[in-house]
Amino acid sequence: AAICRQVWEKVVEKKEEAPLNAFRIEPLFARELRPLYVHMHNPFIPEEDIVTFLRRYVDVQGSGTKERDEKGYWTGRRRFLVRLRPGAAPEGGVVHPPPAFSIGANGGTVRYPGQPKVCHRCGKEGHVVATCPSKVCRKCGAEGHLAADCRAVVRCNLCGMQGHLYNVCPDRKRTYAEAAATAASKKKESQSARRQD
């Protein structure tokens, strides 16, 4: 991968010169299929919700697999095969998923080969969370204020849309208990409506 990056940097440097200026230059290695590892701090987050979140940033190929240690115990990590999407960032750039994220109130981390080293708070290179000079809102993702001072419209951290939160997201995988509770409350409502008639 290091050799590919060195060649790519040379190509970008010389792309306006003949003979390269006659070609459309695109880094194929950046879009290679690669493993991406997700570790959720809450192991009960449904895989479907993790995939919904990841699809905001990458093209997920198939379903994930649970990583197991040498004794067969689940490590808490899931492995997905993904392709990074082309981005508007620097020449030949790709969209990188955030290294730290939340689905609802549940935090998680993402790791993959070729992942840039960035701050888990603000997403910028050159420092880590402990020395991050920025205030970043966990509700809206904007810099300059904290969640307690946020005045932005709520945004779902699962699907990325405004106007709702994770717990009522239409893309969220509902648990059996939630489906049963909804069915039971609808049954009670219909029974009380019949009694009133």
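Let me sum up the structure you'll find in this document. (Residues numbered from 1 in each chain as written. Predicted model: local features only at pLDDT ≥ 70, side-chain atom pairs only at ≥ 80, totals over all residues. Heavy atoms only, no water.)

## Comments concerning the overall build of the chain
Logical step 1: Check the secondary structure of the chain and you find three helices and five strands.
Logical step 2: Along the chain, helices (α) and strands (β) appear in the sequence α-β-α-β-β-β-β-α when read from the amino end.
Logical step 3: The C-alpha atoms of the chain give a radius of gyration of 22 Å, which is well past the 16 Å a tight globule of 197 residues would have.
Logical step 4: For the chain, the spread of C-alpha atoms along the principal axes amounts to about 85 × 45 × 40 Å.
Logical step 5: Here the analysis covers contacts within the chain between residues at least 6 apart in sequence; of these, 48% occur between residues at least 24 apart.
Logical step 6: If you sum the accessible surface of the chain, you get close to 13200 Å²; carbon and sulfur atoms cover 53% of it.
Logical step 7: For the chain, the centre of its 34 positive side-chain charges and the centre of its 21 negative side-chain charges are spaced 7 Å apart. (Helix = DSSP H or I, 4+ residues; strand = E, 2+ residues; numbered from the N terminus. Rg over C-alpha atoms; globule rule 2.2 N^0.38 Å. Contact = heavy atoms within 4.5 Å. Areas by Shrake-Rupley, 256 points an atom, 1.4 Å probe, with all protein chains shown as cover. Lys, Arg positive; Asp, Glu negative; His and termini not counted. Charge placed at Lys NZ, Arg CZ, Asp CG, Glu CD.)

## Some words on the nonpolar core
Logical step 1: V38, I50, L54, F80 and I103 are the most contacted members of the largest nonpolar core, which totals 24 residues.
Logical step 2: A per-element tally of this core places helix α2 (residues 47-54) first, with four residues.
Logical step 3: In this structure V38 touches I50, L54, G76, R77, R78, F80, F101, T109 and V110, once residues within four positions along its chain are discounted. (Core = buried A, V, L, I, M, F, W, Y, C linked by side-chain atoms within 4.5 Å. Buried < 20%, exposed > 50% of the residue type's maximum accessible area, 1.4 Å probe, protein only.)

## Describing the sheet that holds strand β1 (residues 34-40)
Logical step 1: Taken together, five strands build an open sheet; the order of strands is β2-β3-β1-β5-β4 and the sheet is antiparallel. Edge positions in the open sheet fall to β2 (58-68) and β4 (100-103), since each of these has one partner strand only. Across this sheet, the average inter-strand angle for adjacent strands is 30 degrees, counted without regard to direction.
Logical step 2: Packed on one face of the sheet, α2 meets β1, β2, β3 (74-84) and β4 and runs near 35 degrees to β3. (Pairing = 2+ DSSP bridges. Axes fitted to C-alpha atoms, helices over the stretch in contact; angles between N-to-C directions.)

## Comments concerning the pattern of salt bridges
Logical step 1: Under the definition given, this model contains four salt bridges.
Logical step 2: Across the salt bridge formed by K15 and E16, the nearest N and O atoms sit 3.9 Å from each other.
Logical step 3: Assessed through its relative accessible area of 24%, K15 is described here as partly exposed.
Logical step 4: Salt-bridge contacts for R85 lead to D59; the nearest nitrogen and oxygen are separated by 2.9 Å. (Salt bridge = Lys/Arg side-chain N within 4 Å of Asp/Glu carboxyl O.)

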